[in-house]
Structure formats: C-alpha cells, structure tokens
Amino acid sequence: KFVESLGAFGIFFMFLIQTAQVILAFIPGEPIEIAAGTLYGTVGGTLLCLSGIAAGTLIIFLLVKIMGKGLVLKAIGSKTYEKLAFLKNPAKRDIFIFLLMFIPGTPKDVLTYFSPLSGISMVRFIIISAIARIPSVISSTYVGKNLAGGEYLYSAIVFIVVGMISIGGIMIYNKIIEAKNKEKNGHKNG
C-alpha cells in the first residue's frame, strides 16, 4: 500500500530498492521480485527488476574499478574470492558466468562483485547476467502477480517448485565450483 500510495514515484522507489539489493548482496532478491510482481505484474515487475539489477551491477562495476580487490574481499570474503578465481581464465569465463547466473539459488550478487576482476567488460557482464537472470526473475514476479490476484495455493505450489529447483541449483553451483577448483589445483600441482 505504501508503494502504491507513491503513485508513479512508486516505480522509481522499487527500482531503487532492487538496485540497493544488488549492491547489498546479503539481502535476498526474491522478496523484492515477488513484491514487484505483486505491484506491477509479471511483465512490468520483470522489467523493473532487470532494470534495477542492471543499475546495481553498473554501480558495483564502477566501485570495484575505483576501489579494487579490497572492496571485493570485504563484500564476498577471501575464501569465496579464491573459489571463484577460476573465472579469471577468459577461455571459458563467459559461459561459466552465464551458467552460474542462470542456475536458480546461486549467489548471483557475489558473482557480480567478483566479475569486474575477472577481466570481463562491464557491458558484456551486464548483458550475460541480465539474460541469465530472466527465468528466475520471471518466476518470482509471476508468483507475486498471482498473490495479488488471490491465487495463494497456486503461488505456494510455484514457490515450492522453484524452491526445490533452487536447492538443486545450489548443489550444482557447489559442484561446479568444487570441480573447477580441483581442476585449478591439479594444474598447479601437475
């Protein structure tokens, strides 16, 4: 009701919240996406969220370019930084960034902090991450739209299915990271 009371400024307010969520990576994005779907429907909510995600990504890239590796280490920690170091290899970097951003449940904003140090261009990363995030954002805004329409059971079912897929996604993410780090460490030792 608060956002609706803001009228047209409500759209900008939600855009700012989505942008801030990307920058403050510890805040989960799904509740914001669900709220956007509740307020603006699947299409409007998706466009709003993807715009905020792109703006947050742009800000992170600029901050990392200015502040460097120290900011990234503060944002994601040194252990996570080391786990993602395989993404610095440009040969397969883009496809792995796409896959890790596409898999539901993965820490996408952590990848956003790391990616400026991987050598990928800002525009390329924004395009890859936006395309990869589309299914996740659509599913969340779709749930929001259905909640607004009183379809609580249907929304719960979709939410549970997406949650189970996300758990599987987290397991896949961890296996990819583990495999790439074993491969990287094998090259160091061999």
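The structure displayed is predicted, hence computed values, not measured ones.

**Concerning helix H8 (residues 122-148)**
Point 1. Along H8, the sharpest kink reaches roughly 45 degrees, centred on Ile134 and followed within four residues by the proline Pro135.
Point 2. Just past H8, the residue Gly150 takes up positive phi, approximately 80 degrees.

**So, the environment of Ile170**
Point 1. With respect to the element layout, Ile170 can be found in helix H9 (residues 152-189).
Point 2. C-alpha separation for the pair Ile170 and Gly45, spaced 125 residues apart in sequence, amounts to 25 Å.
Point 3. The residues contacting Ile170, other than those within four sequence positions of it, are Pro104 and Gly105.

**Some remarks on the packing of aromatic side chains**
Point 1. Counted under the stated rule, the structure contains seven aromatic pairs.
Point 2. Centre to centre, the rings of Phe2 and Phe13 are 5.5 Å apart; their planes meet at 80 degrees, and the pair counts as edge-to-face. Remark: Phe13 occurs in helix H2 (residues 9-23) and Phe2 occurs in helix H1 (residues 2-5); sequence separation between them is 11 residues.
Point 3. Between Phe86 and Phe96, the ring centres sit 5.7 Å apart and the planes meet at 90 degrees, which makes this aromatic pair edge-to-face. Of this pair, Phe86 sits in the loop between helix H5 (78-84) and helix H6 (93-102) while Phe96 sits in helix H6, and the two are 10 residues apart along the sequence.

**Section: the pattern of salt bridges**
Point 1. Inspection of the entire model under this criterion finds three salt bridges.
Point 2. Asp94 serves as the salt-bridge partner of Arg124, at 2.3 Å between the closest nitrogen and oxygen. Taken together, the residues span a long stretch of sequence, with Arg124 in helix H8 and Asp94 in helix H6 at a distance of 30 residues.
Point 3. Among the charged side chains, a network of salt bridges with common partners joins Arg93, Asp94 and Arg124.

**Here we look at the packing of helix H3 (residues 30-67) against H8**
Point 1. In the contact formed by H3 and H8, the axes pass within 7 Å of each other and the chain directions differ by 160 degrees. What the angle tells us is that H3 and H8 run roughly antiparallel. Seen along the crossing, H3 lies across H8 with a hand that is right-handed.
Point 2. In terms of residue class, the contact of H3 with H8 is made up of 18 nonpolar, 11 polar and four charged.

**Topic: the packing of H2 against H3**
Point 1. Contact geometry of H2 with H3 gives a least axis separation of 7 Å together with a crossing angle of 50 degrees. Judged on the interaxial angle alone, H3 and H2 are oblique. Read as a crossing pair, H2 and H3 show a hand that is right-handed.
Point 2. Across the contact of H2 with H3, the residue classes break down as 17 nonpolar, eight polar and one charged.

Definitions and cut-offs
- Throughout, a residue's number is its position along its own chain's written sequence, starting from 1.
- At least 70 in pLDDT is required for a residue's local features to be given in this predicted model, at least 80 for side-chain atom pairs to be given and counted, and no such filter applies to totals for whole chains, interfaces and linings, which use all residues.
- For side-chain calculations, the full set of non-hydrogen atoms in the structure is used, while hydrogens and water are omitted.
- To get the bend at any residue, fit one axis to the seven residues that end at it and another to the seven that begin at it, then take the angle between the two axes.
- A run of H or I in DSSP becomes a helix once it reaches four residues, and a run of E becomes a strand once it reaches two; helices and strands are each numbered from the N terminus.
- The contact criterion used throughout is that any non-hydrogen atoms of two residues lie within 4.5 Å.
- The rule is short: rings of Phe, Tyr and Trp, with Trp giving its six-membered ring, pair when the centres are within 6.5 Å, and they are stacked under 30 degrees, edge-to-face over 60, tilted in between.
- For this analysis, a salt bridge means a side-chain nitrogen from Lys or Arg found within 4 Å of a carboxyl oxygen belonging to Asp or Glu.
- Axes here refer to lines fitted to C-alpha atoms; in helices the fit is confined to the stretch in contact. Angles between the N-to-C directions go from 0 to 180 degrees.
- In what follows, roughly perpendicular refers to angles from 65 to 115 degrees, roughly parallel to angles under 35, roughly antiparallel to angles over 145, and oblique to any angle outside these ranges.
- The crossing is said to be left-handed when, going from far helix to near helix, the turn is anticlockwise and less than a right angle, and right-handed when the turn is clockwise.
- Nonpolar residues are Ala, Val, Leu, Ile, Met, Phe, Trp, Tyr, Cys and Pro. Charged residues are Asp, Glu, Lys and Arg, and all others, Gly as well, are polar.

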